[in-house]
Amino acid sequence: MKKMKTLQDLFVEQLRDMYYAEKQLLKAIPKMVKKASSETLKSALENHLQETENQVERLDQVFEKLEMTARGKTCPAMDGIIEEAKELMNEDAEPTVMDAGIIAATQKVEHYEIATYGTLRTFADTLGYTNISKLLQATLDEELATDKKLTKIAQTINVEAMEPASSTGTGTGKKH
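Residues numbered from 1 in each chain as written. Predicted model: local features only at pLDDT ≥ 70, side-chain atom pairs only at ≥ 80, totals over all residues. Heavy atoms only, no water.

## Some words on the overall build of the protein
For clarity, the threshold we go by: Secondary structure elements are taken from DSSP: a helix is a run of H or I of four residues or more, a strand is a run of E of two residues or more, and numbering for both begins at the N terminus. Exposure categories follow from relative accessible area, calculated using a 1.4 Å probe and restricted to protein chains: below 20% of the type maximum is buried, above 50% is exposed, and the middle band is partly exposed.
From N to C terminus, the protein includes five helices and zero strands. Going from N to C terminus, the protein has its helices and strands arranged as α-α-α-α-α. The principal-axis extents of the C-alpha atoms in the protein amount to approximately 65 × 30 × 20 Å. Among the 176 residues that make up the protein, the fraction classed as buried is 43%.

Below you can see the structure in the form of structure tokens.
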């Protein structure tokens, strides 16, 4: 393992961490789409999958600008968040409860990405990488927008998930 001596070294390590994380999300998001029941949630996840593909391409551009090979480094944090989401999706849950759980899991991912992309953008600014900073800011903006969209979807789904559907299928999921 090479010693990190400078902010540049840390910046590259963090970029590799996110490259790995985004690649893992490309595998995980389709599983969440399959497990979701809300069409609104499915659509939001599918849109985020496309954004994630674009974010990987942006990271490719960042590595290119740094004249480095784009490669990931295992990200235990993202692996843990994805593993937690997998465990949730294996639960026997009412559809709206599962949707609420998928949103929670996805927002954990978003918050990790928001923190990391914000840090990376700040590192890029400090290192004088103006063009790289702009690429990272574009991704940060998408992550913030996705988090906001998920919160809005959750406001409806969480209310529906408060009350179990009755065995006759007439449960509205709303408090009476």
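## Topic: the layout of surface pockets
Applied cut-off: Here a cavity denotes grid points, spaced 1 Å and computed from the protein atoms alone, that fit a 1.4 Å probe unable to get out, and a pocket denotes an open set having protein on both sides within 12 Å along at least 5 of 7 lines; residues with an atom within 4 Å of a point are the lining. Grid points are joined across faces, edges and corners, and a volume is the space filled by probe spheres set on the points. In this classification, Asp, Glu, Lys and Arg are treated as charged, Ala, Val, Leu, Ile, Met, Phe, Trp, Tyr, Cys and Pro as nonpolar, and every other residue, Gly included, as polar.
If you add up the space inside the largest pocket, you get close to 220 Å³. Lining the largest pocket are 11 residues, with Lys-2, Met-4, Asp-9, Glu-13 and Arg-16 sitting closest to its centre. Per-class residue counts for the lining of the largest pocket are four nonpolar, one polar and six charged.

## Focus: the nonpolar core
Across soluble globular proteins, nonpolar side chains have a tendency to be buried as a group. As a reminder, the rule being used: In this description, a nonpolar core means a group of buried Ala, Val, Leu, Ile, Met, Phe, Trp, Tyr and Cys residues linked to one another through side-chain atoms lying within 4.5 Å. By the convention used here, residues are in contact when the closest approach between their heavy atoms is within 4.5 Å.
Counting residues in hydrophobic clusters, the biggest one holds 48 residues, and the most contacted among them are Phe-11, Leu-15, Leu-41, Leu-45, Met-78, Ile-102 and Leu-136. Elements with a minimum of two residues in this core: α1 (7–35), α2 (39–65), α3 (76–89), α4 (95–127) and α5 (130–160). Residues in contact with Leu-45, not counting those within four places in the same chain, are Ile-29, Met-32, Val-33, Ala-36, Ile-102 and Thr-106.

## Quick look at empty space enclosed by the protein
As enumerated under the stated definition, the model contains two cavities of 30 Å³ or more in all. Counted as a void, the largest cavity has a volume near 50 Å³. Forming the boundary of the largest cavity are Leu-25, Ile-29, Met-32, His-48, Thr-106, Val-109 and Glu-110. When residues of the lining of the largest cavity are traced back to their parent elements, those giving at least two are α1 and α4. Partitioning the lining of the largest cavity into residue classes produces four nonpolar, two polar and one charged. Looking at the second largest cavity, its volume works out to about 30 Å³.

## With respect to α4
In plain terms, the rule: For a helix, the expected span equals 1.5 Å multiplied by the residue count minus one.
An ideal rise of 1.5 Å per residue puts 48 Å on 33 residues; α4 measures up with 47 Å between its terminal C-alpha atoms. Note on α4: the residue one or two positions beyond its end, Gly-128, has a positive phi of about 80°.

## So, α1
For clarity, the threshold we go by: Bending is quantified residue by residue as the angle between axes fitted to the seven-residue window ending at that residue and the seven-residue window starting at it.
Over its 29 residues, α1 runs 41 Å from end to end, which matches the ideal 42 Å to within 8%, given 1.5 Å per residue. Of all the bends found along α1, the most pronounced is centred on Leu-26 and spans about 30°, while Pro-30, a proline, follows it within four residues.

## Quick look at the packing of α3 against α4
In plain terms, the rule: Note on geometry: axes are lines fitted to C-alpha atoms, helical ones only across the stretch in contact, with angles between N-to-C directions running from 0 to 180 degrees. Should an angle fall under 35 degrees it is taken as roughly parallel, and over 145 as roughly antiparallel, whereas 65 to 115 is taken as roughly perpendicular and any remaining angle as oblique.
Running from N to C, α3 and α4 cross one another at 175°; their axes reach a closest spacing of 10 Å. It follows that α3 is roughly antiparallel to α4 by the angle criterion. Within the contact between the two elements, α3 uses Ala-77, Met-78, Ile-81, Glu-84, Ala-85, Leu-88 and Met-89 and α4 uses Met-98, Gly-101, Ile-102, Ala-105, Lys-108, Val-109, Tyr-112 and Glu-113.

## Some remarks on a positive patch on the surface
Our working definition: Only residues above 30% relative accessible area that lack a salt bridge enter a patch, with like-charged residues linked at up to 9 Å and the nonpolar side chains Val, Leu, Ile, Met, Phe, Trp and Tyr linked at up to 5 Å. Residue-level accessible areas treat just the shown protein chains as cover; the underlying method is Shrake-Rupley with a 1.4 Å probe. The term salt bridge refers to a side-chain nitrogen of Lys or Arg lying within 4 Å of a carboxyl oxygen of Asp or Glu. Asp and Glu are treated as the negative residues and Lys and Arg as the positive ones, with His and the ends of the chain left uncounted. By convention, charge coordinates are those of NZ in Lys, CZ in Arg, CG in Asp, or CD in Glu.
A cluster of basic side chains, namely Lys-23, Lys-27, Lys-31, Lys-34 and Lys-86, defines a positive patch on the protein surface. Summarising the element assignment, Lys-23 is placed in helix α1. Of the residues examined, Lys-23 reaches a relative accessible area of 35% and is grouped as partly exposed.

## A closer look at the side chain of Arg-16
Tracing the chain through its elements places Arg-16 in helix α1. Judged by its relative accessible area of 9%, Arg-16 is buried.

## Considerations on the side chain of Asp-147
Relative to the elements of secondary structure, Asp-147 occurs in helix α5. Within the buried set, Asp-147 has no salt-bridge partner at all; the shortest N-O distance to an opposite charge, 9.5 Å, is to Lys-148. Ignoring anything within four residues of it in the chain, the contact list for Asp-147 reads Gln-107, Glu-110, His-111 and Ile-114.

Note that all results are geometric; they support no functional claim without further evidence.
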